[in-house]
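Chain by chain, the residues:
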Amino acid sequence: MSIPIATAATATPPAAVGVPTEDVTPAPVLFAYAHPDDEAFGSAGSIALLTGRGVPVVLVCATRGEAGEISDPRLATRETIGAVREAELRAAMAVVGVADIRLLGYRDSGMAGTAENDDPRAFVNAPLPEVVAQLAAQIRAVRPTTVVTFGADGIYGHPDHIYTYRATAAAVEVAADPDQPTGLGEPWRVDALYFNAIPRERIEAMAERSDGPFRSMPPEERAKLGTPEAEIDTIVDVADLRERKVRAIRAHQTQVGEGGPMANLPPEQVAQFLSREFFRRAPLPWEVSAPGQDPLGVLAQETAAVPAD
Ligand SMILES: [Zn+2]
């Protein structure tokens, strides 16, 4: 099976693994997500803060979100939705200063239990070692200090989100292992790995609404969504970036119609939801900078976010 990969970034001169070069351009931060729009809801504010400070951001997206909703039939058809969502992703990322977008070319697997799960092209049906190798190759090519992806919860349990988490967490280790060839670049150790999170308490509050996106989910399933607030160690206050974050989200036009996660919420609650982005720093099997020393940790400290209310 041949998977198209976007062209790798221009290789930087060899540097000691994990040690920043003297280069004036800071090393990139790599975000790995499953669908166009994952990045906008979860981290558009942090991405805008990073690029605003001159930190290059690279976005790897596993699929084109082909199983996603079509909010307005004038925007796309089932045949064109993948191409339309790729264009939406590029537009959304342009709002926050990101042009380097690498699509892994898998197909959206759809929500758990849908027919899309069985499509042989579905992301979740790709062999894990193949996906890990692709992501490890991207990490070696990009040489990011920090990688951000989903956690084991996948925010709300989407199979593609969980698969992205599994593959990216493994790829970070494969990329660092000199015994693992990937065909792209020298071994590279990232300095920090973060899992994008939503506080479980926040999801529960959303689920309580009669028209909320999780209303049909049994309470025992709902209780497993998101990340308990106590486990979230990195909060970036993006209130000042809210207008840009909203523009990035709205660029995903096919996804932001009726029934979206923010639909029918009172404006002050939407503003509160959009004002903070949440991450959990994952342990790595090698020596890394102290918390707060990596680009995302610096953002969390400098925006001086206090724990969610
Ligand atoms: Zn998604």
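Being a predicted model, the structure only gives us computed values, none of them experimental. By convention here, each chain's residues receive numbers from 1 onward along its written sequence. In view of the model being predicted, local features appear only for residues whose pLDDT reaches at least 70, and side-chain atom pairs are presented and counted only at 80 or more, with totals across whole chains, interfaces and linings using the full set of residues. In computing side-chain properties, one takes all heavy atoms of the structure into account and sets aside hydrogens as well as water.

Participant: I would appreciate a short explanation of unusual backbone geometry in the present structure.
Facilitator: Most peptide bonds are trans, and most residues other than glycine sit at a negative phi. Residues other than glycine seldom take positive phi values, yet D37 does so here, at roughly 105 degrees. Examined against the element boundaries, D37 turns out to sit in the loop between strand 1 (29–33) and helix 1 (38–52). On the basis of relative accessible area, D37 is assigned to the buried category, the value being 12%. Within the chain, R143 stands out as a residue other than glycine whose phi angle is a positive 55 degrees. Residue placement: R143 occurs in the loop between helix 3 (128–142) and strand 4 (146–150). Numbering goes from the N terminus for both helices and strands, where a helix is a DSSP run of H or I of at least four residues and a strand is a run of E of at least two. Each residue is placed in one exposure class: buried if its accessible area under a 1.4 Å probe, protein chains only, is under 20% of its type's maximum, exposed if it is over 50%, and partly exposed if it falls in between.

Participant: Mind showing me how you'd approach the packing of helix 1 against helix 8 (residues 242–250) here?
Facilitator: Packed helices, taken two at a time, are described by their axes: the angle between them and the distance between them. Here an angle of 0 to 180 degrees is reported between the N-to-C directions of two axes, which are lines fitted to C-alpha atoms, with helices fitted over the stretch in contact. The N-to-C vectors of helix 1 and helix 8 enclose an angle of 135 degrees; their axes lie 9 Å apart at closest approach. Here helix 1 lies oblique to helix 8, going by the angle between them. The handedness of the crossing between helix 1 and helix 8 is right-handed. Listed contacts from helix 8 to A40, F41, G42, S43, A44, G45 and A48 of helix 1 are R244, K245, A248 and I249. Any residue that is not Ala, Val, Leu, Ile, Met, Phe, Trp, Tyr, Cys, Pro, Asp, Glu, Lys or Arg is counted as polar, Gly included; the first ten are nonpolar and the last four charged. Taken together, the residues that form the contact of helix 1 with helix 8 break down as six nonpolar, three polar and two charged. In these notes the angle categories are as follows: under 35 degrees is roughly parallel, over 145 is roughly antiparallel, 65 to 115 is roughly perpendicular, and the rest is oblique. In a left-handed crossing the near helix is turned counterclockwise from the far helix by less than a right angle, and in a right-handed crossing that turn is clockwise. Pairs of residues are marked as contacts when any of their non-hydrogen atoms sit within 4.5 Å.

Participant: Can you walk me through the nonpolar core in this structure?
Facilitator: Burial of nonpolar side chains together is a common tendency in soluble globular proteins. The nonpolar core is taken to be a set of buried Ala, Val, Leu, Ile, Met, Phe, Trp, Tyr and Cys residues, with the residues joined through side-chain atoms within 4.5 Å. Residues F31, M93, V96 and V148 are the most contacted members of the largest nonpolar core, which totals 46 residues. Looking at this core element by element, the count peaks at six residues for helix 1. Sequence-distant contacts of V96, that is, excluding residues within four places in its chain, are made with A44, I47, A48, T51, R244 and A248. Counting 30 residues, the second largest nonpolar core, distinct from the first, contains L135, V142, A167 and V174.

Participant: Would you explain the confidence of the model for the protein chain in this entry?
Facilitator: Interpreting fine coordinate detail is not advised for predicted regions of low pLDDT. Confidence of the predictor in every single residue is expressed as pLDDT, which spans 0 to 100. Residues with a pLDDT of 70 or more make up 87% of the protein chain, whose mean pLDDT is 88. Counting contacts from residues 1–16, a segment whose pLDDT is below 50, to residues more than four positions away or on other chains yields 29 contacts.

Participant: Explanation requested: the pairing of strand 2 (residues 57–63) in the structure shown.
Facilitator: Each regular strand carries side chains that alternate between the two faces of the sheet. Summarising burial for strand 2: seven of the seven residues are buried, a large majority. In this region the chain leaves strand 1, passes through helix 1 and returns to the parallel neighbour strand 2; the handedness of that crossover is right-handed. Both strand 2 and strand 3 (residues 100–106) contribute to a ladder of five bridges, which runs parallel. Looking across to strand 3, one finds that V60 is bridged to R102. A crossover connection joins strand 2 to the parallel strand 3 through helix 2 (residues 81–95); in handedness this β-α-β unit is right-handed. For the handedness criterion, the strands are oriented away from the viewer, and a crossover whose path from the first strand over the helix to the second runs clockwise is classed as right-handed. By the convention used here, strands pair only if DSSP detects at least 2 bridges between them.

Participant: What am I meant to see in the coordination of the zinc ion here?
Facilitator: Four donors placed tetrahedrally around a metal ideally meet at 109.5 degrees, and six donors placed octahedrally ideally meet at 90 or 180 degrees. Sodium, potassium and calcium take a 3.2 Å donor cutoff, other metals 2.8 Å, and in both cases only N, O and S atoms count; water is not among them, so sites may look incomplete. Protein coordination at the zinc ion comes from H35 (ND1), D38 (OD) and H161 (NE2), with a distance range of 2.0 to 2.1 Å. Along the chain, the residues donating to the zinc ion are arranged with the sequence spacing H-x2-D-x122-H. Residues H35 and D38 agree in their burial class; the two are buried.

Participant: I tried to follow the pattern of salt bridges on my own but got confused; where do I start?
Facilitator: When their charged atoms lie close together, side chains carrying opposite charge are able to pair. A pair is scored as a salt bridge if a Lys or Arg side-chain nitrogen falls within 4 Å of a carboxyl oxygen belonging to Asp or Glu. Counted according to the given criterion, the structure contains 12 salt bridges. For the salt bridge of D72 with R74, the shortest nitrogen-to-oxygen distance reads 2.7 Å. Since its relative accessible area comes to 19%, D72 is described here as buried. Overall, the relative accessible area of 76% leaves R74 in the exposed class. For R102, the salt bridge goes to D100, with nearest N and O atoms at 2.8 Å. The exposure class assigned to D100 is partly exposed, which follows from its relative accessible area of 26%.

Participant: Sorry, what's going on with helix 5 (residues 159–176) here?
Facilitator: Structural remark: α-helix, 3.6 residues per turn; residues separated by three or four positions point the same way. By this rule, a helix spans an expected 1.5 Å times one less than how many residues it contains. With 18 residues, helix 5 should cover 26 Å at 1.5 Å per step; its first-to-last C-alpha distance of 26 Å lies within 8% of that length. Burial within helix 5 is extensive, with 13 of its 18 residues counted as buried.

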